[in-house]
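A closer look at the structure
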Amino acid sequence: MVCRQRPFSISIACFRPLLPVNIVLYQPEIPYNTGSVGRTCVAVGAKLWLVRPLGFQLDDRHLRRAGLDYWQHLDWEAVDDWTDLIGRLPQPRPWFFSKTAERCYTEVQFEPDAVLVFGSESQGLPGSMLSANADRCLRVPIQPEARSLNLSVTVAVVAFEALRQRRVRRKAD
């Protein structure tokens, strides 16, 4: 398949057909962020997983508003807890994102069906989860003056990097 692109644009057609990347939001609290992440998942062809408890109702109008008219196209599931999620994922070794991780997200090769796990807006991922998976923890580097990035921004940065890597690998094959 030949992809003709404008400078600085990405055509999703370049990435099909591929296994979907899996985006996991662990106990998200803010419906607007989750809606925006859902929109990003539609844009990159990823599946969204929500791990309860959630800080909002799934029928929340704020969630739908942030996802705009994309929500109907979103492949998503909500699960009761981490154990339930792990049993349903295609890739048994997720990547965990934390502002305290040592390794940068651009230093790894994401699997075609990568599982990318992001914590809640106020707490991040539990320390026990990060320490048990220290070799799979990644960060998005930012300047010290910025305390953190918005959850939906972080997900978008990483999701598009995973797709960029897939495109490069696909061209090499």
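For the structure itself, consult the block above.
Position labels on residues start from 1 in each chain and follow its written sequence. Confidence filtering applies because this is a predicted model: local features only for residues at pLDDT of at least 70, side-chain atom pairs given and counted only at 80 or more, and all residues used for totals across whole chains, interfaces and linings. Side-chain figures throughout are based on the complete set of non-hydrogen atoms in the structure, without hydrogens or water.

**Regarding the sheet that holds strand 6 (residues 115–118)**
If DSSP finds at least two bridges between two strands, the strands pair. Put simply, DSSP H or I for four residues or longer makes a helix, DSSP E for two residues or longer makes a strand, and each gets a number counted from the N terminus. The sheet built from seven strands is open, its strands ordered 3-2-1-6-4-7-5 with parallel pairing. With one partner strand each, in any of the chains shown, strand 3 (75–79) and strand 5 (103–104) form the two edges of the open sheet. In the sheet, strand 1 (residues 22–26) pairs with strand 6 via four bridges, with the strands oriented parallel. The residue bridging Leu-25 from the neighbouring strand is Phe-118, located in strand 6. Whether two residues are in contact is decided by their heavy atoms, any of which lying within 4.5 Å being enough. Axis lines are fitted to C-alpha atoms, over the contacting stretch for helices. Their N-to-C directions set the angle, which ranges from 0 to 180 degrees. Sitting on the sheet, helix 1 (residues 31–44) is in contact with strand 1 and strand 2 (47–51), with an inclination near 155 degrees to strand 2. Seen against the sheet, helix 5 (residues 151–172) touches strand 1, strand 4 (95–97) and strand 6 and runs at an angle of roughly 160 degrees to strand 6.

**Description of the nonpolar core**
Formed by 31 residues in total, the largest nonpolar core has its most connected members in Ile-23, Leu-48, Phe-97, Phe-110, Leu-116 and Phe-118. Looking at this core, the elements with two or more residues in it are strand 1, helix 1, strand 2, strand 4, strand 6 and helix 5. Ranked by residues supplied to this core, first place goes to helix 5 with six residues. In contact with Phe-110, not counting residues within four places along its chain, are Trp-95, Phe-97, Tyr-105, Leu-116, Leu-138, Val-158, Glu-161, Ala-162, Gln-165 and Arg-169. Within this scheme, the nonpolar core is defined by two criteria: the residues are buried Ala, Val, Leu, Ile, Met, Phe, Trp, Tyr or Cys, and they are joined through side-chain atoms within 4.5 Å. For each residue, the accessible area found with a 1.4 Å probe, counting protein chains only, is set against the maximum for its type, and the residue is called buried under 20%, exposed over 50%, and partly exposed in between. The next biggest cluster of nonpolar side chains, apart from the first, holds 16 residues, and it includes Tyr-26, Val-51, Val-79 and Cys-137.

**Focus: the packing of aromatic side chains**
Pairing of aromatic rings covers Phe, Tyr and Trp, the last counted by its six-membered ring, and requires centre-to-centre distances within 6.5 Å; plane angles under 30 degrees mean stacked, over 60 mean edge-to-face, and any other angle means tilted. Under the definition given, this model contains five aromatic pairs. Arranged with centres 5.9 Å apart and planes meeting at 45 degrees, the rings of Trp-82 and Phe-96 form a pair that is tilted. Taken together, the residues span a long stretch of sequence, with Trp-82 in helix 3 (residues 82–86) and Phe-96 in strand 4 at a distance of 14 residues. On the accessibility criterion, Phe-96 (1% relative accessible area) is buried. Plain terms: the ring middles of Phe-97 and Phe-118 are 4.7 Å apart, the flat faces sit at 10 degrees to each other, and that makes the pair stacked. Highlighted residues: Phe-97 in strand 4 and Phe-118 in strand 6, separated in sequence by 21 residues. What makes Phe-97 buried here is its relative accessible area of 7%. Its relative accessible area of 2% is what places Phe-118 among the buried residues. The aromatic ring of Trp-95 is capped on one face by Arg-136, whose charged end is 3.7 Å from the ring centroid. Charge-over-ring contacts are defined here by two conditions on Lys NZ or Arg CZ: a distance within 6 Å of the ring centre and an angle within 35 degrees of the ring normal.

**Remarks on the environment of Thr-100**
Mapped onto the elements of the fold, Thr-100 is located in the loop between strand 4 and strand 5. As for Thr-100 and Val-140, which are separated by 40 residues in sequence, their C-alpha atoms are 9.7 Å apart. Counted as a polar contact is a pair of N or O atoms within 3.5 Å, where, for protein atoms, one must be capable of donating a hydrogen and the other of accepting one, and residues adjacent in sequence contribute only when both atoms are in side chains. Within the structure, the side chain of Thr-100 is placed 2.8 Å from the side chain of Ser-98, a separation counted as a polar contact.

**Points about helix 5**
An expected span of 1.5 Å times one less than the residue number is assigned to each helix. If you check helix 5, its first and last C-alpha atoms are 32 Å apart, about what 22 residues at 1.5 Å a residue would give, namely 32 Å. If you check which residues of helix 5 are buried, you get Leu-151, Ser-152, Thr-154, Val-155, Val-158, Ala-159, Glu-161, Ala-162, Leu-163, Gln-165 and Arg-166. Of the surrounding secondary structure, the elements contacted by the buried residues of helix 5 are strand 1, helix 1, strand 4 and strand 6.

**Points about unusual backbone geometry**
Looking along the chain, the bond that leaves Arg-52 and enters Pro-53 is cis, with omega of 5 degrees. Relative to the helices and strands, Pro-53 resides in the loop between strand 2 and helix 2 (61–67). Its identity as a non-glycine residue notwithstanding, Gln-27 has a phi of 55 degrees, on the positive side.

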